[in-house]
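Letter by letter, the chains look like this.
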Amino acid sequence: LRDNDTFRIGIGIHYGEVVLMTVGEEDRMTGLTISGAVNTVLRLEALTKKYKRPIIVSQTFADQYGLSDKYKLSALDTIRLDDEAKNEVIYAVNMV
């Protein structure tokens, strides 16, 4: 990066169950995750570009950890996050 370049990241946060595995041989191992929650996180992270917000969280995560009591949340949209027929509100976390 040069002095006048900007570096931006997007963070998607969700709550759910994950299966975590280590596969391979002793000298060559890798980690593997299988979960709808992981796919949801990737989707939320991708939505940070669309909504131009650095952190987007799911309603599930916000409820699980009581985020609305700790941070100012802005509802962005109601979308289907996974293959289930459940729509969920997504929020931008406004860091104060």
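Look up a bit, the structure's there.
### Quick word on the overall build of the protein chain
Each helix and strand in the protein chain was counted, giving 3 helices and 6 strands. If you list the helices and strands of the protein chain from N to C, you get β-β-β-α-β-α-α-β-β. Relative to the 2.2 N^0.38 estimate, which gives 12 Å for 96 residues, the radius of gyration of the protein chain is 16 Å and therefore markedly larger than a compact globule would have. Principal-axis analysis of the C-alpha atoms places the extent of the protein chain at approximately 45 × 45 × 25 Å. A buried classification covers 28% of the 96 residues belonging to the protein chain. Nonlocal contacts in the protein chain, meaning residues at least 24 apart in sequence, comprise 47% of its contacts between residues at least 6 apart. For the protein chain, the accessible area works out to roughly 7,400 Å², and carbon and sulfur atoms hold 50% of it. A gap of 11 Å separates the mean positions of the 12 positive and 14 negative side-chain charges of the protein chain.

### Here we look at the sheet that holds strand 1 (residues 11–13)
Reading across from one edge, 1-4-6-5 is the order of the 4 strands in this open sheet, with mixed pairing throughout. Unpaired on one side and paired on the other, strand 1 and strand 5 (72–80) mark the two borders of the sheet. Neighbour-to-neighbour, the strand axes of this sheet turn through a mean angle of 25°, independent of strand direction. Here 3 bridges tie strand 4 (residues 55–58) to strand 6 (residues 87–94), and the two strands are oriented antiparallel to one another. Within strand 6, the position partnered with I56 by the bridge is A92. Lying over the sheet, helix 1 (residues 36–51) contacts strand 1, strand 4, strand 5 and strand 6, oriented at roughly 135° with respect to strand 4.

### Re the nonpolar core
The nonpolar side chains of a soluble globular protein tend to be buried, and buried together. Counting residues in hydrophobic clusters, the biggest one holds 8 residues: I55, V57, F61, A62, L67, L73, Y91 and V93. Looking at this core, the elements with two or more residues in it are strand 4, helix 2 (59–64) and strand 6. The contacts of L73, once residues within four sequence positions are left out, are A62, L67, S68, Y91, A92, V93 and N94.

### Considering the pattern of salt bridges
In the structure shown here, the tally under the stated rule is 1 salt bridge. Residue E88 is joined to K86 by a salt bridge in which the shortest nitrogen-to-oxygen separation is 4.0 Å.

Rules behind the numbers
- Residues numbered from 1 in each chain as written.
- Predicted model: local features only at pLDDT ≥ 70, side-chain atom pairs only at ≥ 80, totals over all residues.
- Heavy atoms only, no water.
- Helix = DSSP H or I, 4+ residues; strand = E, 2+ residues; numbered from the N terminus.
- Rg over C-alpha atoms; globule rule 2.2 N^0.38 Å.
- Buried < 20%, exposed > 50% of the residue type's maximum accessible area, 1.4 Å probe, protein only.
- Contact = heavy atoms within 4.5 Å.
- Areas by Shrake-Rupley, 256 points an atom, 1.4 Å probe, with all protein chains shown as cover.
- Lys, Arg positive; Asp, Glu negative; His and termini not counted.
- Charge placed at Lys NZ, Arg CZ, Asp CG, Glu CD.
- Pairing = 2+ DSSP bridges.
- Axes fitted to C-alpha atoms, helices over the stretch in contact; angles between N-to-C directions.
- Core = buried A, V, L, I, M, F, W, Y, C linked by side-chain atoms within 4.5 Å.
- Salt bridge = Lys/Arg side-chain N within 4 Å of Asp/Glu carboxyl O.

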